[in-house]
Each structure stands twice: as C-alpha cells, then as structure tokens.
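# Structure assessment
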Amino acid sequence: MKTTACPLDCYDACRIVIDENGMPKGDKTHPITRGYLCPNLNHYGEYPRIPAPRLHGREVSMDEALRALEKRLEESKPREVLYYRGSGNVALMQRSVEHFFAYYDAVGTSGSLCDGAGAAGIETGRGRNYVLSPQMIAHAEAVVVWGRNPHATHSHLLPFLNAKTLIVIDPVETELARKADLHIKIKPRGDLHLALLLSRFAIIEGSHDREWLEEHAGDVEEFYELTQSIRIKATLDAIDVSLGQIGDMLSLIQGKRTAILVGAGVQKYRNGAEVLRAIDAFGAVMGLFGKEGCGVSFLGDSSVGVDSPFRSIAKKVSKPTVDFSKYNCVFVQGANPLAQMPDSNRVRQSFSQAGFRVYFGLYENETSRASDLVIPAKNFLEKNDFRSSYGDYTLQEMRKIHQSDIGIGEYEVARRLCDTFGFPLLGEEEYLEHFRDQAIEREGVTYRSSIPDIPYSEGFEEGEFVFPDEVEARLEEREGFHLITPKHPKGLNSQFYRESAAFFHPDAGFEEGRRVRLSSPSGSVEMEVAWDGRLRKDCVLIYSGTPDVNVLTPAWLSYEGECAVYQEHTLKVETL
Ligand SMILES: Nc1nc2c(c(=O)[nH]1)N[C@H]1C(S)=C(S)[C@@H](COP(=O)(O)OP(=O)(O)OC[C@H]3O[C@@H](n4cnc5c(=O)[nH]c(N)nc54)[C@H](O)[C@@H]3O)O[C@H]1N2
Ligand SMILES: Nc1nc2c(c(=O)[nH]1)N[C@H]1C(S)=C(S)[C@@H](COP(=O)(O)OP(=O)(O)OC[C@H]3O[C@@H](n4cnc5c(=O)[nH]c(N)nc54)[C@H](O)[C@@H]3O)O[C@H]1N2
Ligand SMILES: [Mo]
C-alpha cells in the first residue's frame, strides 16, 4: 500500500495511506494519528487549483513562465530580489528553491508570522526548544492546555488527554475547556502575570521542587523576589483571575506528573517571549523538565535534529515587516502574505509597488491575484518529499502518489533555475536519501534520530535553566475589544474554508447579522456579526484566514524573536 504524510502546517503531520480510488485516508496502524484525518485533508481534492501558469493575466506554458522569471532574474541585481517562503507546505524539499536563491544571493526573510516570539523566550531559558511528543504526554497525570486549541489545531492529541486532570487557560471556552476540571477564562494578555503569580504561590505553599531547582536551575530565590514585585489584588482583577483559581490549579497539579501544553495564543503580543519565559519558569519551579510525562511544550522547532542539505540565504530582512516595494522581483512561495501578514493595507500597498511579483502556489488568493507571474505548484501527492513535525519527532517520507500535468514541483523549479544560472544542485534522489539517512524506524514509524527520549533529561545547554531576571509588569487597561485571532477547524490559515464574520458574545451589544465597522490604529474593516457564547464579553474573535482580518493588525515586531503580533491592538466597534 502506498503511504505518504500530510505536509500542512500543523502539529499533527498525519500519516496517510492511499485507498483503491487514489484518495488519502488515515493510517490505522499509526500510533499517533490512528487512522483519522482532519476536515482539511478529508476534502483535500475538492479545492480548485490554479490550472495553468499566467503572465500578466494571460495563460502561458510552464516553459514561458519560467523563462519570464529567468529573464527578470538575469536583469536584476541579486539584492533587488526577495525570496519569501510561507508555510503552505512545510515539507523539507520546499527549501530546494531557497538553495537556488541563496546561490543567486537574493534577500530572504528571518523571523516569523507564527511562533517566533514564544520560541525566543524558550531558547533564552532552556536553550533548545524541545516538545513533548504525544507518547510522552500520555505519561502525564495532569495536563495544562494554555492558549492552545487542540480540537481545531491538533486533534490527534485528544485521545492522549483522556482520563487526565485537565486545566485549560483560555479567554474562550473551547471544547476542551468545557471538559476540563478547571477553566481559567483569563483576560487576553494576562498570561505573563498569571504565570508569575502561580510561581509565587507555589513557592509560598512550598509545593516547588527544591531538589530539582538546586540541581538544574539558576537562582530561584531571585526569581521569587521578582514575582513579589507583582501586586496581587490589582493584578488578579486586571487579568480576571481569582485567588481561588490559582489555589485550585496548584492543588490539581500538586504531586502529579504535569505537562503544560502552550499554544500560539499566548504569544501574539510584543512581549510574547517574556510570556513563554514566565510559563517556563513556572514549569521549572515545579521541577517539570527532564522527567517522564512532564514538561512545558510549545510549538516546537521542526528542524531540530534534521540536517538540511540545502544552502540557505545569508542576507535576510524581518518577515512580518518586509517592505516589498524595495524589490525589483519578489518570489512568493507557499504563502499568502497579502492576507496573512499583519497590516494588510501596508502590505498591499508595498506589494503593488514591487517590480515583478511571482506567486508560486496551489490556490488562487489575494497574493496570486496581485502577482505578475503565477506558477502553479504540484500538490504533495504529486511529488517526493520528507517531513518533520513541530508536534512530535516523526520524520516521514512522502512518496509521490499521482502523476499530474498541472503544476511544477519545488525541486523541479530549483533544478531548472540552477541549470540556467550554473549553480550546483544534487539529484533529487540524493537529497531524499540525505533525509532518509536521518530517520530511524521504531514500530513502523520513522523518527528523527538525534532526539533525546526525555527532553532535558541530560540537562540544559547553558548548564542550567535560566530564570528571567526582570519583567515588564505594567498592565494597562485598554479601551475597546480585545482581538482574538486563532485558527479555524475547517481551514488552514488562508487555505480551504475561510470565515467571513466577526464573532461576539451575545451580550456584547451587537445583533447577529448586523454589519459593524471594526477599527484599530492600523485600519478599519466592515464585517458581519456572528454570535459565539464561548467568548468573553470584552473580546471579538476573528479567525485566521478571514479576509481583511489583518487590516486590523500592526506591522510591529515582538520585542524578541522578530515575530508578528496579531493581538496587540484592541478594536473599536461601531454598528453600521
Ligand atoms: N485546523 C487548523 N489547524 C491548524 C491551523 C489552522 O489554521 N487550522 N494552523 C496551524 C498553525 S500555522 C499553527 S501556528 C498552529 C497554532 O495552533 P494553536 O497553538 O492552537 O493556536 P491558535 O489557534 O492561534 O490559538 C489557540 C488558543 O489561544 C487562545 N488565546 C488567544 N489569546 C489568548 C491569550 O491572550 N491568552 C491565552 N491563554 N489564550 C489565548 C485562543 O482563544 C485559542 O483557543 O495551528 C496549526 N494547525
Ligand atoms: N490574523 C491572523 N493572521 C495570521 C495568523 C493568525 O492566527 N491570525 N497566523 C499566522 C501564522 S501562525 C501563520 S503560520 C501564517 C501562515 O500564512 P502563510 O504562510 O501565508 O500560509 P497560508 O495562508 O496557508 O498560504 C499558503 C499558500 O501556500 C500554497 N501552497 C500549499 N501547498 C503548497 C506547495 O506544496 N507548494 C507551493 N509552492 N505552495 C503551496 C497555497 O496556495 C496557499 O495559498 O499566517 C499568520 N497570520
Ligand atoms: Mo503558524
């Protein structure tokens, strides 16, 4: 039976078997994904693809399309060419195109639209960002799900959470929150303070892990003093958490193997790195690192333990704030920056002023429609690849299933361009072999070989866990509605289903079906109101992928990690 793996940007990285009709199905023998696929994959074949290459709106052959690109690249100075790759497909051969642009000496992007702020915080505290695999989470007795929504974004994790003490910290009453032993319906951006208070009370109660701290962590006394700089009553009021909830949470995890699963939600703010450091610090106070079934797990770094054979670009500019208008040629691969980057008005303006815009992707979207040259890609069933994951340590081979005449694969683009420009590139099979060599098989599943069985059981890179030594603890009261912009269960960012409404609590003061104008310092948009009783009354929820949502978000970088900060602005809302 033919097998492959899903390359969508998701924690799951499902293994797929192809049924007799050539359709993807879940693999029942797989220990993590257990035969189920998500709505996106179950309907994967139904989304209309870009059928043919297009140059200035006119259909052209693939050869003409690539010649137009080559001509532009020959006429441009390398530093006037931008290579922008998104995460439409996160498999490893995507980087073969960057390999060409690296030899060409183009400009690339650094930082992230995604998890960069949180990742930076984790790296400061513990060096490498290791995740807890589902198999490791299975050993936990208590699980804290913090700013993460597995029903939408990591559904294969759910069976691993059964029969555990469950705590959810989320401003939305997610499906998991309904089942939880404790749901802290925190006010958005309250997580830093909650984490500091949890550490403080754990130490006051004496439930911290003295032995572990002595052996593995920096100065916990100093960190305790830092947590004492937080005013208790005023802070609890400001983040809408009660002292009782803090006590409940500590007693629910007391003495239990505890896994804290942190999602993107807590770090869509400029201080996102600080938030993750504070949550990590609480994990350290409780002695959760390096033990079976315990730890703090954020979106991981899927490249840890994978050696890439491709050259990477040396000169980079920050991805969330890149100014397209500076370039004579912009090559967009697997991304929809006109919808998904923050500050859409700025992005659209600057993209429209770029010299020559190339979109290399599967589907029509805001970016394809604004591009001069559109190159359809092959989908993952039509090419060979490998993928690692940020939710576990698998490294899976993705074998080509179908022949297709629609698009062109990433390796084929790289091959053609490297040949034209005389740059070195190995054969496709040699690259696949390079990845194959890094995978080890256990019980029918292939994993990255260089990952420790229990993360941090050998300690930390810096020798010890590093506590934060200062925090910006000021909590300003904000006017307007807090924007929550999370992932939709039936879409993947701007791929597949795209929502159009803005969601409010029924008592927030807006009638269902009415149109409202939402405004932030970045811009304003009109949307229809829909109700969602799971929300707080002070929040408006607009899913990622909703057209125009990012008109409302700022082109700012997180203080650390060069990350976009989608929830930094609050919104003014007026009925039309
Ligand atoms: N179906 C589906 N799956 C996906 C994706 C998709 O678009 N659709 N996208 C993929 C990608 S790119 C990523 S990065 C991952 C991310 O997946 P997750 O880590 O689950 O991230 P989000 O869905 O952005 O947000 C998760 C939760 O954070 C909560 N939240 C928002 N603000 C705050 C806050 O201030 N504090 C706290 N405590 N919680 C808050 C939201 O209410 C939401 O329930 O999912 C991946 N998986
Ligand atoms: N408001 C708001 N904005 C957000 C977020 C949010 O939560 N809220 N989340 C942010 C996050 S976490 C992320 S990761 C980004 C994601 O943003 P992007 O990386 O821009 O991802 P998508 O919107 O999914 O667009 C991916 C495109 O990739 C193309 N594609 C798919 N498969 C392939 C392939 O095999 N080859 C090629 N060449 N192309 C392919 C498809 O045509 C698709 O349109 O969005 C960010 N923007
Ligand atoms: Mo993401």
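All of the points below concern the structure found in this document. Residue numbers run consecutively from 1 along every chain, following the written order of its sequence. Chain labels run from A onward and ligand labels from 1 onward, assigned in the order the entries are written. Only residues with pLDDT of 70 or above have their local features reported here, since the model is predicted, and side-chain atom pairs are shown and tallied only from 80 upward, although totals for entire chains, interfaces and linings are computed over all residues. By convention in this description, side-chain values take in all heavy atoms of the structure and omit both hydrogens and water.

Before going further, it helps to spend a moment on the packing of helix H8 (residues 191-205) against helix H10 (residues 220-228). Packing of H8 against H10 brings their axes to within 9 Å, and their N-to-C directions diverge by 120°. The angle between H8 and H10 places the two elements in the oblique class. Considering how the two elements wind past one another, H8 and H10 form a crossing that is left-handed. Only Val220, Phe223, Tyr224, Thr227 and Gln228 of H10 make contact with H8, whose side of the interface consists of Leu196, Ser199, Arg200, Ile203 and Ile204. Residue polarity is assigned by list, with Asp, Glu, Lys and Arg as charged and Ala, Val, Leu, Ile, Met, Phe, Trp, Tyr, Cys and Pro as nonpolar; anything else, Gly included, falls into the polar class. For the contact of H8 with H10, the class distribution of residues is six nonpolar, three polar and one charged. Structural elements are reduced to axes, namely lines fitted to C-alpha atoms, with helices fitted over the stretch in contact, and the angle between N-to-C directions of any two is expressed from 0 to 180 degrees. In this description a helix means any DSSP run of H or I spanning at least four residues, a strand means any run of E spanning at least two, and both kinds are numbered starting from the N terminus. Throughout this description, any angle smaller than 35 degrees is read as roughly parallel, any larger than 145 degrees as roughly antiparallel, any in the 65 to 115 degree range as roughly perpendicular, and the remainder as oblique. In this scheme, a crossing is called left-handed if the near helix is turned counterclockwise away from the far one by less than a right angle; it is called right-handed if the turn is clockwise. By the convention used here, residues are in contact when the closest approach between their heavy atoms is within 4.5 Å.

For two strands to count as paired, DSSP must find a minimum of two bridges between them. Spatially, six strands are ordered S5-S4-S16-S15-S14-S6 in an open sheet, and the strand pairing comes out mixed. Strands at the two margins of the open sheet, each flanked by one partner only, are strand S5 (58-59) and strand S6 (81-85). Judged from the five bridges that link them, S6 and strand S14 (residues 329-333) form a sheet pairing that is parallel. Note that in S14 the partner of leucine 82 across the bridge is valine 330.

As a further point, take a negative patch on the surface. For patch building, the residue pool is restricted to those with more than 30% relative accessible area and no salt bridge; the joining distance is 9 Å between like charges and 5 Å between nonpolar side chains (Val, Leu, Ile, Met, Phe, Trp, Tyr). Exposure was quantified through the Shrake-Rupley algorithm and a 1.4 Å probe, taking into account, for residues, occlusion by the shown protein chains and nothing else. Between Lys or Arg on one side and Asp or Glu on the other, a salt bridge is scored when a side-chain nitrogen of the former is within 4 Å of a carboxyl oxygen of the latter. For this count, His and the chain ends are skipped, Lys and Arg are scored as positive, and Asp and Glu as negative. By convention, the point assigned to a charge is CZ for Arg, NZ for Lys, CD for Glu and CG for Asp. Together, Asp219, Glu221, Glu222, Glu225, Glu464, Asp469 and Glu470 make up a negatively charged patch on the protein surface. Residue placement: aspartate 469 occurs in the loop between strand S20 (445-448) and strand S21 (481-484). Throughout, exposure labels follow a simple rule: accessible area from a 1.4 Å probe, protein chains only, divided by the maximum for the residue type, with under 20% read as buried, over 50% as exposed, and the rest as partly exposed. A relative accessible area of 61% places aspartate 469 in the exposed class.

Here a residue is considered near a molecule or strand provided that any single heavy atom belonging to it is located within 4 Å of it. Close to ligand 2 lie 34 residues; Asn336, Gln340, Glu410, Lys487 and Ser494 are nearest. Contact between ligand 2 and phenylalanine 360: a nitrogen atom at 3.2 Å from a main-chain N or O atom of the residue. A distance of 3.4 Å separates an oxygen atom of ligand 2 from a polar atom in the backbone of leucine 492. Surface burial for ligand 2 is 97%, taken as the share of its 920 Å² of free accessible area covered by protein chains. For the shell around ligand 2, the element with the most residues is strand S15 (residues 357-361), which contributes three residues. Within 3.5 Å is the distance limit for a polar contact, defined as a pair of N or O atoms, with the added protein rule that one can donate a hydrogen and the other accept it, and that residues adjacent in sequence qualify only through two side-chain atoms.

Let us look at the sheet that holds strand S10 (residues 182-184). Overall, parallel pairing links the five strands, which are arranged S10-S9-S8-S11-S12 in an open sheet. The sheet is open, and its two borders are formed by S10 and strand S12 (295-297), each paired with just one other strand. Direction aside, neighbouring strands of the sheet carry axes that sit 15° apart on average. Pairing geometry for strand S8 (residues 142-146) and strand S9 (residues 165-169), over five bridges, is parallel. Opposite valine 143, over in S9, you have leucine 166 as the bridge partner. Those strands touched by H8 are S8, S9 and S10, and its axis lies near 150° from that of S8. Packing against the sheet, helix H12 (residues 243-253) makes contact with S8, S9, S10 and strand S11 (258-262), and its axis sits at approximately 140° to S10.

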